[in-house]
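# Fold and geometry: a report
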Amino acid sequence: MRRFAMLFCFLAVLSSSPGATRADEPGFASQVELMRWMMGYRKSPDPRRLAAAVHAMSELGLLEDQDAAGVYVGFVAGVLGANQLDAKTLIDPMFPMRSDEQVTVVRAVAYSGLPEWHELLRALAVGIPERKVLIDRFLEGEAGRLMELPLEHPRTLDTLWGYYISTGSYEPIMRMIAALAWTREGDDLDRLTAGSMAKWTLASNAARDQSLLKLCYVEAEHQPEQVAATLKEVIEAAETYELGPIRKEALKAIEELRTKGPESSRSRSWAMQAGSTVLALGCVAAGATGHAEIAAPCVIAGALGTAAQKLLTSE
């Protein structure tokens, strides 16, 4: 929120401070209502409702599985990062919250990109000592920041999309573009899955988001040959709204690697590793630019759930 230097504006600034308590802002009656607010946030930012949104996420059970909560963590991180002067007043009314769900706030602060994220985490450690181990891991550099997270992990794509949903920042998009180098990966199933999902979600969003599409055009001229070639396929799919071929190509490549194993070692058993890899869709991203009616079912079920897989595999 912009702070005005002139004295006559001082009271107005105080009255509109985002440090509202939970009772000051309206809550969210359903998952769809919450998602619609999130999807429209960039067009009409209202950080004062962030605490109410976090409480709704908790009450609706959306934070119970942290592996499926990446989009929410990324969204909260983005809002905090965009409101540096008011970050603490945005965080305080999120509490109290369940002990296991406190991880959401800890990660959001660490991923926010705020210059003072260390100080905010130290302050949190005093109020939520049960999260001290995780907080110390971030402070000591053992746990990576958002742009350092391994793209092979399913949660990473969701978290990057969550950050983009709230901020429109190109930094998480650049990380996903880098993952396009894995769309033809022949040995590592996790990388192939991450690259394929990055390709599909980029195309799905670029079809609805002109600024994202323009970025794809620009990067197609500057990326390495393999990434640029894949990015041009993303652009074509977005421009023509023909997303089905990308989805089918991804499924075909993933299934081939799951069943046949790595190209470098087709003879060794692959069933154990392939069976443990989840089809990490991050399908919330399909609605990141305003299609909550599409995104909500995927987010509600969790990006690692069966609903995500059904969305990818549906005709």
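Scroll up to find the structure.
Residues numbered from 1 in each chain as written. Predicted model: local features only at pLDDT ≥ 70, side-chain atom pairs only at ≥ 80, totals over all residues. Heavy atoms only, no water.

### What about the overall build of the protein chain?
Helix and strand counts for the protein chain stand at 17 helices and 0 strands. Of all 315 residues assigned to the protein chain, the portion counted as buried reaches 51%. For the protein chain, contacts bridging at least 24 residues in sequence account for 69% of all contacts bridging at least 6. Roughly 14300 Å² of accessible area belongs to the protein chain as shown, and the carbon and sulfur atoms make up 54% of that amount. (Helix = DSSP H or I, 4+ residues; strand = E, 2+ residues; numbered from the N terminus. Buried < 20%, exposed > 50% of the residue type's maximum accessible area, 1.4 Å probe, protein only. Contact = heavy atoms within 4.5 Å. Areas by Shrake-Rupley, 256 points an atom, 1.4 Å probe, with all protein chains shown as cover.)

### A word on the pattern of salt bridges
Considering all chains together, one arrives at 12 salt bridges under this definition. Of the charged contacts in the structure, one is a salt bridge between Arg98 and Asp100, with a shortest N-O distance of 2.6 Å. A relative accessible area of 40% places Arg98 in the partly exposed class. As a salt-bridge pair, Asp136 and Lys132 come within 2.6 Å of each other at their nearest N and O atoms. With a gap of 4 residues between them, Asp136 and Lys132 both fall in helix α8 (residues 132-139), about one helical turn apart. Residue Asp136 is classed as partly exposed on the basis of its relative accessible area of 22%. (Salt bridge = Lys/Arg side-chain N within 4 Å of Asp/Glu carboxyl O.)

### Things to note about the packing of aromatic side chains
Across all of its chains, the model carries 6 aromatic pairs by this definition. Aromatic side chains Tyr41 and Phe75 sit 5.5 Å apart centroid to centroid with 75° between the ring planes, which places their arrangement in the edge-to-face category. Of this pair, Tyr41 sits in the loop between α2 (31-39) and α3 (50-59) while Phe75 sits in helix α4 (residues 70-81), and the two are 34 residues apart along the sequence. An aromatic cluster is built from Phe28, Trp37, Tyr41 and Phe75, whose rings are joined through pairwise contacts. Lying across the ring of Tyr164, Arg42 places its NZ or CZ 4.6 Å from the centre. (Phe/Tyr/Trp six-rings, centres within 6.5 Å; stacked < 30°, edge-to-face > 60°. Lys NZ or Arg CZ within 6 Å of the ring centre and 35° of its normal.)

### Some thoughts on helix α13 (residues 225-240)
Taking 1.5 Å as the rise per residue, α13 with 16 residues should run 22 Å; its terminal C-alpha atoms sit 23 Å apart, in good agreement. Within α13 the residues assigned to the buried category are Val227, Ala228, Thr230, Leu231, Val234, Ile235, Ala237 and Ala238. Those residues of α13 hidden inside the fold are in contact with α10 (171-179), α11 (189-206), α12 (210-220) and α14 (244-260). The first or second residue beyond α13 is Tyr241, which carries a positive phi of 60°. (Expected span 1.5 Å × (residues − 1).)

### Side note on the packing of helix α7 (residues 117-127) against α8
Closest axis-to-axis distance for the α7/α8 pair is 10 Å, and the angle between their directions is 165°. Classified by the angle their axes make, α7 and α8 are roughly antiparallel. In terms of crossing hand, the pair formed by α7 and α8 is left-handed. Mapping the contact onto sequence places Trp117, His118, Leu121, Arg122, Leu124 and Ala125 in α7 and Ile135, Phe138 and Leu139 in α8. When grouped by side-chain class, the residues that make up the contact of α7 with α8 number 7 nonpolar, 1 polar and 1 charged. (Axes fitted to C-alpha atoms, helices over the stretch in contact; angles between N-to-C directions. Parallel < 35°, antiparallel > 145°, perpendicular 65-115°, else oblique. Left-handed = near helix turned anticlockwise from the far one by under 90°. Nonpolar A, V, L, I, M, F, W, Y, C, P; charged D, E, K, R; others polar.)

### A few points about the environment of Met176
Secondary-structure assignment places Met176 in helix α10. Assessed through its relative accessible area of 0%, Met176 is described here as buried. Considered as a pair, Met176 and Gly195 are 19 residues apart in the sequence and their alpha carbons are 7.9 Å apart. Residue contacts for Met176: discarding those within four places in its chain leaves Leu157, Leu160, Trp161, Ala198 and Leu202.

### With respect to the environment of Gly113
Within the secondary structure, Gly113 sits in the loop between α6 (102-111) and α7. Between the alpha carbons of Gly113 and Met147 there is a distance of 9.3 Å; along the sequence they are 34 residues apart.

### Some words on unusual backbone geometry
Going from Phe95 to Pro96, the amide bond is cis rather than trans, its omega being 5°. Inspection of the secondary structure assignment puts Pro96 in the loop between α5 (87-91) and α6. A positive phi angle is found at Tyr241, which is not glycine, with a value near 60°. Residue position: Tyr241 is located in the loop between α13 and α14.

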